[in-house]
Amino acid sequence: FRRVLFRSPALLQHADGRTEQVRAVYLVGADGARGAVRAGCGIEFASETLDPHPMITADVVIPELEPTHWHMWDQAKGGALWLGPLAQMKDCFQLYAKFEDEEPDLSIEALRKLVRERTGRLELTIREVLFASHFGSRCGMARHFRVGRVFLAGDAAHVHPPAGGQGMNTA
C-alpha cells in the first residue's frame, strides 16, 4: 500500500465525475470508521460494542418543537428518543432513537411516525430530513495513528457513540 501510494500517482474522482492524478508526500486517512486507508496500512483497530440495540441519528426540521432545550423520552415504548436543538439552524433538531431489535426505517414517513408515537405529541411533524443514519453504539481505537507518512484522523483513528458529542469532544 505505501509503496504504491508514494511511487505512483493517486487517481481522484470528484463528485461531478472529473478525475485527476496527484502525487503526495503525506496521506491523512480521514475516510471514516470503514475507510480504506487504515485497512490498507494494516493498522489494527480494536473495538467493542457498548450496546447491541440498533440506533439512529438524524437532523430533522420540526417547527412545532421548542428550541430552548433537549427533549428526552428515555422510557418511551419501543426505546428512547432524544431531540436536541441544533445551534443557528431554525427549527432544526438532532434526533437520536434507540430500538429494541428491529432494523430502523429512515424514511421521512417512518421518522414522523416514530416521533409522534414515542413523544405522544401528535402535533409534531418532521417537515424535512437533512441527514439520517444508522449507527451502533461502539467504541474503538487504532493501535497506531501513524505509519510512515500516513496519518489517521477522525473516525479512521477512533470511534465513539455520537450521543453527547463524545466523538467531537475527544477529537
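Look up a bit, the structure's there.
## Some words on the overall build of the protein
Looking only at helices and strands, one finds four helices and 11 strands in the protein. The buried share of the protein, taken over its 171 residues, is 33%. Expressed as a percentage of contacts within the protein between residues at least 6 apart in sequence, the contacts between residues at least 24 apart total 60%. Put simply, the protein shows about 10,700 Å² of open surface, and 52% of that area lies on carbon and sulfur atoms.

## With respect to the pairing of strand 4 (residues 45–61)
Two elements, strand 4 and strand 8 (residues 128–142), share 13 bridges in a ladder whose sense is antiparallel. Among the inter-strand pairings, Ala46 is bridged to a residue of strand 8, identified as Met141. Bridge count for strand 4 against strand 7 (residues 92–98) is seven bridges, and the pairing is antiparallel. Bridging across to strand 7, Val61 finds its partner in Cys92.

## Some details on a negative patch on the surface
There is a patch of like negative charges on the surface, built from Glu100, Asp101, Glu102 and Glu103. For Glu103, the location among the structural elements is in the loop between strand 7 and helix 3 (108–119). A relative accessible area of 59% places Glu103 in the exposed class.

## Some details on the nonpolar core
Ranked by internal contacts, the top residues of the largest apolar core, which has 18 residues, are Val60, Ile62, Leu83, Leu95 and Leu114. At the level of secondary structure, the elements contributing two or more residues to this core comprise strand 4, strand 6 (81–85), strand 7 and helix 3. Those residues in contact with Leu95, other than ones at most four positions away along the chain, are Ile56, Thr57, Ala58, Val60, Leu81, Trp82, Leu83, Leu114 and Val115. If you look at the next biggest cluster of nonpolar residues, it comprises nine residues, including Val37, Ile43, Val147 and Ala156.

## As for the sheet that holds strand 6
If you trace the six strands from one edge of the open sheet to the other, you get 5-6-7-4-8-11, paired in antiparallel fashion. On the outer flanks of this sheet lie strand 5 (71–73) and strand 11 (158–159), each paired with one strand and no other.

## As for the pattern of salt bridges
Going through the model one piece at a time under the given rule, you end up with seven salt bridges. Across the pair Arg143 and Glu44 runs a salt bridge, and its minimum N-O distance is 3.1 Å. With Arg143 in the loop between strand 8 and strand 9 (146–147) and Glu44 in the loop between helix 2 (36–41) and strand 4, this pair connects stretches of sequence that are 99 residues apart. Judged by its relative accessible area of 56%, Arg143 falls in the exposed class. Exposure remark for Glu44: the relative accessible area of 43% places this residue in the partly exposed category. Residues joined in a network through salt bridges with shared partners are Glu66, Arg121 and Glu123.

## Regarding the environment of Phe131
Structurally, Phe131 is set in strand 8. It is 9.2 Å that separates the C-alpha atoms of Phe131 and Gln94, two residues lying 37 residues apart in sequence. Beyond its immediate chain neighbours, meaning those up to four positions away, Phe131 contacts Thr57, Ala58 and Asp59.

## Quick notes on the sheet that holds strand 9
Within a sheet, each strand pairs with its neighbour through backbone hydrogen bonds, oriented either parallel or antiparallel. Strand order in the open sheet made by the three strands is 3-10-9, with mixed pairing throughout. Taken across any chain shown, the strands that pair with only one partner, and hence form the sheet edges, are strand 3 (27–29) and strand 9. Bridging between strand 9 and strand 10 (residues 150–152) involves two bridges; their strand directions are antiparallel. Note that in strand 10 the partner of Val147 across the bridge is Val150.

What counts and what doesn't
Residues numbered from 1 in each chain as written. Predicted model: local features only at pLDDT ≥ 70, side-chain atom pairs only at ≥ 80, totals over all residues. Heavy atoms only, no water. Helix = DSSP H or I, 4+ residues; strand = E, 2+ residues; numbered from the N terminus. Buried < 20%, exposed > 50% of the residue type's maximum accessible area, 1.4 Å probe, protein only. Contact = heavy atoms within 4.5 Å. Areas by Shrake-Rupley, 256 points an atom, 1.4 Å probe, with all protein chains shown as cover. Pairing = 2+ DSSP bridges. Patch = residues over 30% accessible without salt bridge, like charges linked within 9 Å, V, L, I, M, F, W, Y side chains within 5 Å. Salt bridge = Lys/Arg side-chain N within 4 Å of Asp/Glu carboxyl O. Lys, Arg positive; Asp, Glu negative; His and termini not counted. Charge placed at Lys NZ, Arg CZ, Asp CG, Glu CD. Core = buried A, V, L, I, M, F, W, Y, C linked by side-chain atoms within 4.5 Å.

That is the geometry; function is a separate question.
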